[in-house]
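What the coordinates show
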Amino acid sequence: MTLKVGVIGTGMIGRDHIRRLTEVVSGAEVVAVNDANEVSAKEVASGLPNATVHATGEDLIADDRVDAVIVCSWGPTHEQYVLASIAAGKPVFCEKPLATTTEACRNIIDAEVASGKRLVQVGFMRRYDAPYRALKRAIDSGAVGAPLIYYSGHRNPSVPEHYTKDMAIVDTAVHDFDVTRWLLGEELTTIRVQAAKPNSHGGELQDPLLMTLETERGVLVQVETSVNIRYGYDIRGEVVGEDGTAALADTGQVVLRTSNSVGVRVPEDWRERFIAAYDVEFQEWINEVVAGTGLTGPSSWDGYAAQVVCDAGVKALYSGERVQIELATKPGLYS
Ligand code: NAD
Ligand code: ISE
């Protein structure tokens, strides 16, 4: 069976996912698109053999040809489309963040739990990245002993004009919060945020930020966001355990040794660094939706838990205080 999908949001990542679904992974066809910018949606549809342009995201979700929905619009619009997909009983893959407030994430969890089955997957693609999977295997094998400290470095060469102070936490570090919970297999309990001497490329932004978090078992986590660090897109991760350390390997495929120096290519942006992870993420999602055996990828609970950390992080950013992270009771659907 070919999974017929509708894509809401035909901006940067929406177009990249449509290319992936059309040219890279198997088992899916894009049959409908929508964007608040109709010109963009029409342009994308014109490159597809069989896609209808819908005037609204709700129309796309209601289309009988659409088996499953992919949401790639701006964060504040995610809640309405995810809720409409749940109401229509259709599986929905939602790009991160699940929603931009804890309350909106709770609304999604309530609707999904009431529906009785998992319909939502969140685009936390780092869980599908080969180096992160190797790091998780190293931690789980006990090779470095019990984890004591985890360092997560998240560097972007630059960010768009609309990027605001809070986005270093809610748009960028949200990936680090999710991957930390996944790698360590426990929840985050407190967060403190400190701003370093500002990078002069960042204008009014407080950049870089250093965040210190604690986990339920007392692991200390340090997250660095540097979003104007011109040299490239660089993602770091290192766990310090009782008996050793394990770190993500450098991302370059070729190590060049010339003129008394050693060099590896640094990726340009998230598309290049995580290209294989996005492919695996979608292939597994398509296979699971088609098989009807249930979703195993990042859940609404994972989207909610990361958002609670973001909300506490923004509070910590403005207050300078260490802020407690408090989660509701986890519904059985996500056990
Ligand atoms: P973008 O601005 O390039 O595209 C977003 C599109 O959504 C635009 O075309 C806009 O017109 C459209 N849109 C806005 N409101 C809409 C609405 N109500 N209904 C329909 N369409 C609407 O942004 P982007 O970089 O593609 O990011 C989109 C989402 O993907 C964001 O949530 C972002 O955080 C996420 N993202 C995830 C990753 C990742 O690594 N997983 C990377 C980049 C972006
Ligand atoms: C962007 O939205 C992403 O999700 C990228 O993976 C991240 O590196 C970047 O900071 C975000 O703005």
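Nothing here was measured: the structure is a model prediction, and the numbers come from that model.

A short note on the packing of helix α7 (residues 167-184) against helix α10 (residues 300-319)
Between α7 and α10, the least distance of the axes is 9 Å, while the angle of their chain directions is 125°. Here α7 is positioned oblique relative to α10, judged by the angle of their axes. In the packing of α7 onto α10, the handedness of the crossing is right-handed. For the pair α7 and α10, contact is made by Ile 169, Val 170, Val 174, Phe 177, Asp 178 and Arg 181 and by Trp 301, Asp 302, Ala 305, Ala 306, Val 309, Cys 310, Gly 313, Val 314 and Leu 317, respectively.

Some points on a nonpolar patch on the surface
Side chains of Leu 148, Ile 149 and Leu 220 sit close together on the surface and give an oily, nonpolar patch of about 240 Å² of accessible area. Tracing the backbone shows Leu 148 in strand β7 (residues 147-155). Owing to a relative accessible area of 40%, Leu 148 belongs among the partly exposed residues under this scheme.

Here we look at the sheet that holds strand β6 (residues 120-122)
Spatially, six strands are ordered β3-β2-β1-β4-β5-β6 in an open sheet, and the strand pairing comes out parallel. Two strands close off the open sheet at either side, each with one partner strand: β3 (52-53) and β6. Sheet topology note: the strand β4 (residues 68-71)/strand β5 (residues 92-94) ladder contains three bridges and is parallel. Looking at β5, one finds that Ile 70 is bridged to Phe 93. Sheet strands touched by helix α1 (residues 12-24): β1 (3-8), β2 (28-34) and β4. Its angle to β2, the strand with the most contacts, is close to 155°. Sitting on the sheet, helix α2 (residues 38-46) touches β2 and β3, and the angle it makes with β2 is about 155°.

A word on the site of ligand 1
Around ligand 1, the structure places 25 residues, and the nearest of them are Asp 35, Trp 74, Tyr 81, Lys 96 and Tyr 278. Within the backbone of Met 12, a nitrogen or oxygen atom sits 2.9 Å from an oxygen atom of ligand 1. Here an oxygen atom of ligand 1 sits 2.6 Å away from a polar atom, N or O, in the side chain of Tyr 278. Summarising the interface, the protein chains cover 84% of the accessible area of ligand 1, which totals 850 Å² for the free molecule. Residue classes in the shell around ligand 1 are distributed as 11 nonpolar, 10 polar and four charged.

Details of the site of ligand 2
Around ligand 2 sit Lys 96, His 154, Asn 156, Asp 171, Thr 172, His 175, Tyr 233 and Trp 270, and those are all the residues in its vicinity. Between ligand 2 and Thr 172, the relevant distance is 2.8 Å, taken from an oxygen atom to a side-chain nitrogen or oxygen of the residue. Residue Tyr 233 places a side-chain N or O atom 2.7 Å away from an oxygen atom belonging to ligand 2. In isolation ligand 2 exposes 300 Å². Once the protein is present, 85% of that is buried. With three residues, α7 is the single largest residue contributor to the shell around ligand 2. Partitioning the shell around ligand 2 into residue classes produces two nonpolar, four polar and two charged.

Structural notes on the pairing of strand β14 (residues 261-264)
Relative to β14, strand β13 (residues 255-258) runs antiparallel, the two sharing four bridges. The residue bridging Leu 256 from the neighbouring strand is Gly 263, located in β14. Counted along the chain from β13 to the antiparallel partner β14, the turn is two residues long, and its residue Ser 259 has a positive phi close to 45°.

Digging into the side chain of Ser 299
As for its placement among the helices and strands, Ser 299 is situated in the loop between α9 (275-291) and α10. From its side chain, Ser 299 meets the backbone nitrogen of Trp 301 in a polar contact 3.2 Å long. Setting aside anything within four residues of it in sequence, one finds Ser 299 in contact with Arg 118, Val 120, Val 122 and Tyr 334.

Describing the sheet that holds strand β10 (residues 220-226)
Reading across from one edge, β12-β11-β7-β10-β9-β8-β15 is the order of the seven strands in this open sheet, with mixed pairing throughout. Each end of this open sheet is capped by a strand with a single partner; those strands are β12 (245-247) and β15 (323-324). The sheet contact formed by β7 and β10 spans seven bridges and is parallel. Note that in β10 the partner of Tyr 151 across the bridge is Gln 222. Against the sheet, α10 contacts β8 (188-195), β9 (209-215) and β15, and its axis sits at roughly 40° relative to β8.

Looking at α2
Among all positions of α2, only Ser 40, Ala 41, Val 44 and Ala 45 are buried. Considered in projection along α2, the buried side chains sweep an arc of 130° and stay on one side of the axis. Residues Val 39 and Ser 46 are exposed on α2 and point more than 90 degrees away from its buried face. Looking at the buried residues of α2, the elements they touch are α1, β2 and β3. Between the side-chain oxygen of the N-cap and the backbone nitrogen of Val 39 there are 3.1 Å, and the N-cap of α2 in question is Asn 37.

What counts, and where the lines are drawn
- Residues numbered from 1 in each chain as written.
- Chains lettered and ligands numbered in written order.
- Predicted model: local features only at pLDDT ≥ 70, side-chain atom pairs only at ≥ 80, totals over all residues.
- Heavy atoms only, no water.
- Axes fitted to C-alpha atoms, helices over the stretch in contact; angles between N-to-C directions.
- Helix = DSSP H or I, 4+ residues; strand = E, 2+ residues; numbered from the N terminus.
- Parallel < 35°, antiparallel > 145°, perpendicular 65-115°, else oblique.
- Left-handed = near helix turned anticlockwise from the far one by under 90°.
- Contact = heavy atoms within 4.5 Å.
- Patch = residues over 30% accessible without salt bridge, like charges linked within 9 Å, V, L, I, M, F, W, Y side chains within 5 Å.
- Areas by Shrake-Rupley, 256 points an atom, 1.4 Å probe, with all protein chains shown as cover.
- Salt bridge = Lys/Arg side-chain N within 4 Å of Asp/Glu carboxyl O.
- Buried < 20%, exposed > 50% of the residue type's maximum accessible area, 1.4 Å probe, protein only.
- Pairing = 2+ DSSP bridges.
- Near = heavy atom within 4 Å.
- Polar contact = N/O pair within 3.5 Å; in protein donor to acceptor, adjacent residues only side chain to side chain.
- Nonpolar A, V, L, I, M, F, W, Y, C, P; charged D, E, K, R; others polar.
- Arc of directions from axis to C-beta.

These figures come from the coordinates and say nothing about function on their own.
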